[in-house]
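Read off the chains here:
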Amino acid sequence: HHYQLLGNTQSSRTAKDQIAWPAQDNDCGKGLRIGMIDTDHSLDHPALKGQHITSQTMISAGINRPVTDHGTAVASLLIGKPGSPFAGLLPRAQLFNAAVFRARDNKHTDTTAEWIISAIDWLLEQKVQTINMSLGGPRNLLLDVAIQRSIQAGVIVVAAAGNTGAFGAQSLTV
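Owing to the predicted nature of the structure, the values given are computational and were not obtained by experimental measurement.

### A short note on helix α4 (residues 141-152)
Residues spaced three or four apart along an α-helix point in a common direction, a consequence of the helix completing one turn every 3.6 residues. If you check α4, its first and last C-alpha atoms are 16 Å apart, about what 12 residues at 1.5 Å a residue would give, namely 16 Å. Considering only its buried residues, α4 is in contact with β1 (2-5), α3 (113-125), β7 (130-133) and β9 (156-159). You can read the cap of α4 off the contacts: a side-chain oxygen lies 2.9 Å from the backbone nitrogen of Leu142, and it is on Asn140.

Structure follows, in C-alpha cells:
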C-alpha cells in the first residue's frame, strides 16, 4: 500500500495559537523523546536551528526524496525553538525523525507500508514515548500489527485523520 502526506504547510499561525496552548515556560518537553514519521526536514529553518533532532532515512540510496516543507513544518509545530516565528509546543523535547517519503515526480510524493513499518521499528529502538504520523492511506494489516506493537509497548501513536476528517478517503485506520 502507498500513503500520502497529510496536513497544511501553508499555515502562518504557531502551533500554540492553533490549539490555544496555554502560556508555558521554554523548558516544556524537557526529557521527552518524540518520534516523527514524515519527510526529511531543514535544519537551517530558524525554528529548528539548534534543536535536538536525530534523523534516519528509511529510503534506499538512489530514490528521489521530496522537498522538506512538510517535515520541517511538522517538526516546527512539535519542537520549534522558543522565540522563533514558529515556536513549537514542546521546544525542549528530543525529536527522532524517520524520513519515509519519496518524490515520484514533481507532483506526487508517497511512501509504502514497508517503509513506515521500518520507521516504527527504528523509533521503538530509540525509545520514543510518542510517534507522530501526518500521513494517510488504506488500511494495511502489517502496519496495524506494527502500530499495535507500539501501543502495547506504551508508546502513544498520533496519526492524521486526513484533511477531510475521520471519514475521508485518505484516513489511516488502526
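### What to know about the sheet that holds β1
Spatially, 4 strands are ordered β5-β6-β1-β8 in an open sheet, and the strand pairing comes out antiparallel. Of all strands in the sheet, those bounded by a partner on one side alone are β5 (102-103) and β8 (135-136). Alignment of β5 against strand β6 (residues 109-112), held across 2 bridges, turns out to be antiparallel. Residue pairing across strands places Arg102 opposite Asp110, the latter belonging to β6. Running over the sheet, α3 touches β1, β5, β6 and β8 and is turned about 70° from β6.

### Some thoughts on the pairing of strand β4 (residues 94-99)
Most of β4 is tucked away: 5 of the 6 residues are buried. Pairing between strand β2 (residues 33-38) and β4: 6 bridges, direction parallel. Bridged to Met36 within β4 is Asn97. With respect to chirality, the unit in which strand β3 (residues 53-57) leads through helix α2 (residues 69-79) into the neighbouring parallel β4 is left-handed.

How each quantity is defined
- Residues numbered from 1 in each chain as written.
- Predicted model: local features only at pLDDT ≥ 70, side-chain atom pairs only at ≥ 80, totals over all residues.
- Heavy atoms only, no water.
- Helix = DSSP H or I, 4+ residues; strand = E, 2+ residues; numbered from the N terminus.
- Expected span 1.5 Å × (residues − 1).
- Contact = heavy atoms within 4.5 Å.
- Polar contact = N/O pair within 3.5 Å; in protein donor to acceptor, adjacent residues only side chain to side chain.
- Pairing = 2+ DSSP bridges.
- Axes fitted to C-alpha atoms, helices over the stretch in contact; angles between N-to-C directions.
- Buried < 20%, exposed > 50% of the residue type's maximum accessible area, 1.4 Å probe, protein only.
- Right-handed = clockwise from strand over helix to strand, strands pointing away.

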